[in-house]
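# Fold and geometry: a report
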Amino acid sequence: MVRAKPKKSKFPADKARVKKITSKLNRAHPDAKLDLDFSNPLELLIALILAAQARDDLVNQVTPALFAKYRHAKDYASAPPEQLSADIRRINFYRVKSGRIKNCCAELVRSFKGEVPRKLDDLLTLPGVGRKTANILLGNAFGRQAIGVDTHVMRLSQRLGLTRNTNPDKIEFDLTAIVPEKQRVRFCHLLQYHGRRVCFAKKPRCPECTINDLCRYPDKTKA
Ligand code: SF4
């Protein structure tokens, strides 16, 4: 039996497509970076806890005074809950987040001499720290090439057809397989900026999108 020749996709294979997407997004968003302000791993950990379902710019307004007041993990761990809550009250869910910060810092003091650990497995033992937070920490505070799947990385990798998964951990593994190691952190920053500026969750601006020709999203907006 003669088999029909497989239809040639108009899209390059995933690794080649990632290369092209990275190149185009680098031109479109040369300023892409992590938007949270920090000067050491503990500050980034605290900023990431505060940034859950909150705007980065608001977190950046609150953290300078917070970081000046609480310099070490033990400072957060020993702070009266009402005081820490009051210090972050401009951020949504501040009571919950205050509890998370205290629990996390208490564990840092108990098990890691107050230092933020550099290993993924150790980070994942901290209360409230999942793979997304751990990988963003590793990538941005420790210079490791890790993929942190936040809401933008998830949405764009799905729309671009780089994953068929909806579970962030599985998306991380899919992206790790096709994004060159040296570019993993950069690739995440590029997807985050493109998600904020062009590929909006509700109404993506597909007609003016620089990677329109490389995108498999079936519901693209029309010009
Ligand atoms: S073409 Fe549309 S859906 Fe695809 S990445 Fe661009 S903005 Fe997003």
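Note that the structure is a prediction, hence the values are computed from the model and not measured.

## Re the overall build of the protein
Along the backbone of the protein there are eleven helices and zero strands. N-terminal to C-terminal, the α/β element order of the protein is α-α-α-α-α-α-α-α-α-α-α. Counting only C-alpha atoms and orienting by the principal axes, one finds that the protein spans roughly 75 × 40 × 25 Å. Put simply, the protein has 223 residues, and 34% of those count as buried. In the protein, the share of contacts with a sequence separation of at least 24, taken over all contacts with a separation of at least 6, comes to 57%.

## Observations concerning the site of the ligand
What surrounds the ligand is a group of 13 residues, the closest being Cys-199, Pro-204, Cys-206, Cys-209 and Cys-215. The class makeup of the residues in the shell around the ligand is nine nonpolar, one polar and three charged.

## Brief notes about helix H2 (residues 41–51)
Of all eleven residues in H2, nine are buried; the element is thus mostly enclosed. All of the buried residues along H2 are Leu-42, Leu-44, Leu-45, Ile-46, Ala-47, Leu-48, Ile-49, Leu-50 and Ala-51. Contacts from the buried residues of H2 go to helix H3 (56–69), helix H4 (73–78), helix H6 (94–112) and helix H8 (131–141). Count one or two residues on from H2 and you reach Gln-53, which has phi positive near 55°.

## Describing the environment of Pro-41
Tracing the backbone shows Pro-41 in helix H2. Taking the C-alpha atoms as reference points, Pro-41 and Leu-137, 96 residues apart in sequence, are found 7.0 Å from one another. Dropping the residues within four chain positions of it, Pro-41 is found in contact with Val-116, Leu-137, Ala-141 and Phe-142.

## Looking at the environment of Lys-69
Along the chain, the position of Lys-69 falls in helix H3. Remark: the alpha-carbon pair of Lys-69 and Pro-117, spanning 48 residues in sequence, is separated by 22 Å.

## Some details on the domain arrangement of the protein
Partitioning the protein into structural domains gives domain 1 (14–33 + 146–214) and domain 2 (41–141). On a C-alpha basis, the centres of domain 1 and domain 2 stand 27 Å from each other. Every contact between the two is made by nine residues of domain 1 and, on the other side, seven residues of domain 2.

## What to know about the packing of H2 against H8
Where H2 meets H8, the axes come as close as 10 Å, and the angle between the chain directions of the two elements is 145°. In the packing of H2 onto H8, the handedness of the crossing is right-handed. Taken together, the residues of H8 that come into contact with H2 (itself represented by Pro-41, Leu-44, Leu-45 and Leu-48) are Thr-133, Ile-136, Leu-137, Asn-140 and Ala-141. Its residues assigned to classes, the contact of H2 with H8 comprises seven nonpolar, two polar and no charged.

## Focus: the nonpolar core
In globular proteins that are soluble, nonpolar side chains generally tend to be buried together. In this structure, Leu-45, Leu-48, Leu-50 and Leu-137 are the most contacted members of the largest nonpolar core, which totals 55 residues. Elements with a minimum of two residues in this core: helix H1 (14–28), H2, H4, H6, H8, helix H9 (151–159), helix H10 (168–178) and helix H11 (184–197). Per-element tally for this core: the top contributor is H2, with nine residues. Residue-level mapping places this core at the junction of two domains, with at least three residues from each of domain 1 (14–33 + 146–214) and domain 2 (41–141). Dropping the residues within four chain positions of it, Leu-45 is found in contact with Val-116 and Leu-137.

## What to know about H1
Note that an α-helix has 3.6 residues per turn; residues three or four places apart therefore point the same way. With 15 residues, H1 should cover 21 Å at 1.5 Å per step; its first-to-last C-alpha distance of 20 Å lies within 8% of that length. For H1, the full list of buried residues reads Val-18, Ile-21 and Leu-25. Down the axis of H1, the smallest arc covering the buried residues is 65°, so these residues share one side. Seen from the buried face of H1, the exposed residues on the opposite side, beyond 90 degrees, are Ala-16, Ser-23 and Arg-27. Contact partners of the buried residues in H1: H10 and H11.

Definitions and cut-offs
- Residues numbered from 1 in each chain as written.
- Predicted model: local features only at pLDDT ≥ 70, side-chain atom pairs only at ≥ 80, totals over all residues.
- Helix = DSSP H or I, 4+ residues; strand = E, 2+ residues; numbered from the N terminus.
- Buried ≥ 20, exposed ≤ 12 C-beta atoms within 10 Å, placed from the backbone.
- Contact = placed C-beta atoms within 7 Å.
- Near = placed C-beta within 6 Å.
- Nonpolar A, V, L, I, M, F, W, Y, C, P; charged D, E, K, R; others polar.
- Domains from an automatic or database assignment.
- Axes fitted to C-alpha atoms, helices over the stretch in contact; angles between N-to-C directions.
- Left-handed = near helix turned anticlockwise from the far one by under 90°.
- Core = buried A, V, L, I, M, F, W, Y, C linked by C-beta atoms within 7 Å.
- Expected span 1.5 Å × (residues − 1).
- Arc of directions from axis to C-beta.

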